[in-house]
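# Reading the structure
Chain by chain, the residues run as shown.
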Amino acid sequence: MFEKRNEQTNETAASPRTRGRMALGAAVILSAVPALAAAVDQQSMRSLEAYAAAMYGAHGVPVDTGLLYLVVYAVAGTLAILWLVAAVTSWVSRGGAIGAGAFMVVANLATALAMLFVTEYGSPVFPAQWGLLVALPALAGAVAVGLLVRSARRRS
């Protein structure tokens with residue numbers, strides 16, 4: 001009559017593995033943000049184009065300003081595909097997801113650092129905000145890897 005029951009409610013917290021999968025999904029979505037920002041910039045303000053024209057024009061170098069947009073689109077597209085592979089891997093294998101996620105965090109950070117610190121003619125090739133936008137998925141990926149590792153330790 002007065003026994004306690006361990007009933008699960010609809011308000012139970014998600015497991016670390018589920019939260020890790022969700023964080024990998026967030027990394028996929030965040031990896032598309034630079035492409036969306038570039039598309040909006042290209043259709044409206046053209047700040048990246050103006051930056052490139054000013055930087056290269058000061059040295060008398062002709063430049064196709066659309067090339068910087070192409071680089072941003074290529075980087076964002078590649079990262080989105082690779083983050084998607086890491087997210088799909090989380091449904092197949094926890095160990096594979098940890099490895100793929102860790103690889104993607106390192107690769108994503110390397111790409112972001114390159115966009116932040118590569119210079120030409122003494123000036124950065126990209127303004128800092130583009131490198132920071134590319135770095136966003138790495139944060140979600142690092143959280144995902146931490147949650148997946150935590151989930152794997154709970155199972156052990």
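Residues numbered from 1 in each chain as written. Predicted model: local features only at pLDDT ≥ 70, side-chain atom pairs only at ≥ 80, totals over all residues. Heavy atoms only, no water.

## Quick look at the overall build of the chain
For the chain, the count of helices and strands is six helices and two strands. Helices (α) and strands (β) of the chain occur, in sequence order from the N terminus, as α-α-α-α-α-β-β-α. For the chain, whose C-alpha radius of gyration is 21 Å, the value lies well above the compact-globule estimate of 15 Å for 156 residues. Here the C-alpha coordinates of the chain stretch approximately 85 × 30 × 20 Å along the principal axes. Split into buried and exposed, the 156 residues of the chain put 36% on the buried side. Contacts spanning at least 24 positions in sequence make up 75% of the contacts within the chain whose residues lie at least 6 apart. One finds the centroid of the 11 positive side-chain charges in the chain at a distance of 19 Å from the centroid of its 7 negative side-chain charges. (Helix = DSSP H or I, 4+ residues; strand = E, 2+ residues; numbered from the N terminus. Rg over C-alpha atoms; globule rule 2.2 N^0.38 Å. Buried < 20%, exposed > 50% of the residue type's maximum accessible area, 1.4 Å probe, protein only. Contact = heavy atoms within 4.5 Å. Lys, Arg positive; Asp, Glu negative; His and termini not counted. Charge placed at Lys NZ, Arg CZ, Asp CG, Glu CD.)

## Points about the pattern of salt bridges
The tally for this structure, following the rule as stated, stands at one salt bridge. One salt bridge connects Arg46 with Glu49, and the closest N-O pair in it is separated by 2.6 Å. (Salt bridge = Lys/Arg side-chain N within 4 Å of Asp/Glu carboxyl O.)

## Here's the deal with the confidence of the model for the chain
Chain-level statistics for the chain give a pLDDT mean of 90 and a share of 90% at 70 or above. Mean pLDDT across the elements of the chain ranges from a minimum in helix α6 (residues 128–155), with 91, to a maximum in helix α2 (residues 33–43), with 97. (pLDDT = per-residue confidence, 0-100.)

## Some points on the nonpolar core
Of all hydrophobic cores here, the largest spans 33 residues; its most connected members are Leu24, Leu48, Val72, Trp83, Met115, Phe126 and Trp130. Within the residue set of this core, elements represented by two or more residues are α1 (16–31), α3 (47–57), α4 (66–92), α5 (94–117) and α6. Here this core gets eight residues from one element, more than from any other, and that element is α4. Once residues lying within four places of it in the same chain are set aside, the contact partners of Val72 are Pro34, Ala38, Leu48, Met115, Phe126 and Trp130. (Core = buried A, V, L, I, M, F, W, Y, C linked by side-chain atoms within 4.5 Å.)

## Overview of α4
Given 3.6 residues per turn, any residue in an α-helix points the same way as the ones three and four places further on. Look at α4: 40 Å from first C-alpha to last across 27 residues, which is about the 39 Å you get at 1.5 Å a residue. Those residues of α4 that fall on the buried side of the exposure criterion are Leu68, Tyr69, Val72, Val75, Ala76, Leu79, Ala80, Trp83, Ala86, Ala87, Thr89 and Ser90. (Expected span 1.5 Å × (residues − 1).)

## Some points on unusual backbone geometry
Backbone geometry at Arg46 places phi at a positive 60°, although glycine is not the residue there. One can find Arg46 in the loop between α2 and α3. Phi at Tyr121 takes a positive value of approximately 60°, unusual for a residue other than glycine. Relative to the helices and strands, Tyr121 is located in the loop between β1 (119–120) and β2 (123–124). In this structure Tyr121 comes out as partly exposed when scored by relative accessible area, which is 42%.

## Structural notes on the environment of Ala138
Here Ala138 lies in helix α6. Residue Ala138 is classed as buried on the basis of its relative accessible area of 3%. Sequence separation of Ala138 and Val105 is 33 residues, and the distance between their C-alpha atoms is 4.9 Å.

## Considerations on the packing of α1 against α4
Relative orientation and spacing of two packed helices are given, respectively, by the angle between their axes and the distance between those axes. Direction vectors running N to C along α1 and α4 enclose 165°, while the axes themselves pass 8 Å from each other. Classified by the interaxial angle, the pair formed by α1 and α4 is roughly antiparallel. Between α1 and α4 lies a crossing of left-handed hand. Contacts between α1 and α4 involve Arg17, Arg21, Leu24, Ala27, Val28 and Ser31 from the former and Ala76, Leu79, Ala80, Trp83, Leu84, Ala86, Ala87, Ser90 and Trp91 from the latter. Residues that form the contact of α1 with α4 fall into these classes: eleven nonpolar, two polar and two charged. (Axes fitted to C-alpha atoms, helices over the stretch in contact; angles between N-to-C directions. Parallel < 35°, antiparallel > 145°, perpendicular 65-115°, else oblique. Left-handed = near helix turned anticlockwise from the far one by under 90°. Nonpolar A, V, L, I, M, F, W, Y, C, P; charged D, E, K, R; others polar.)

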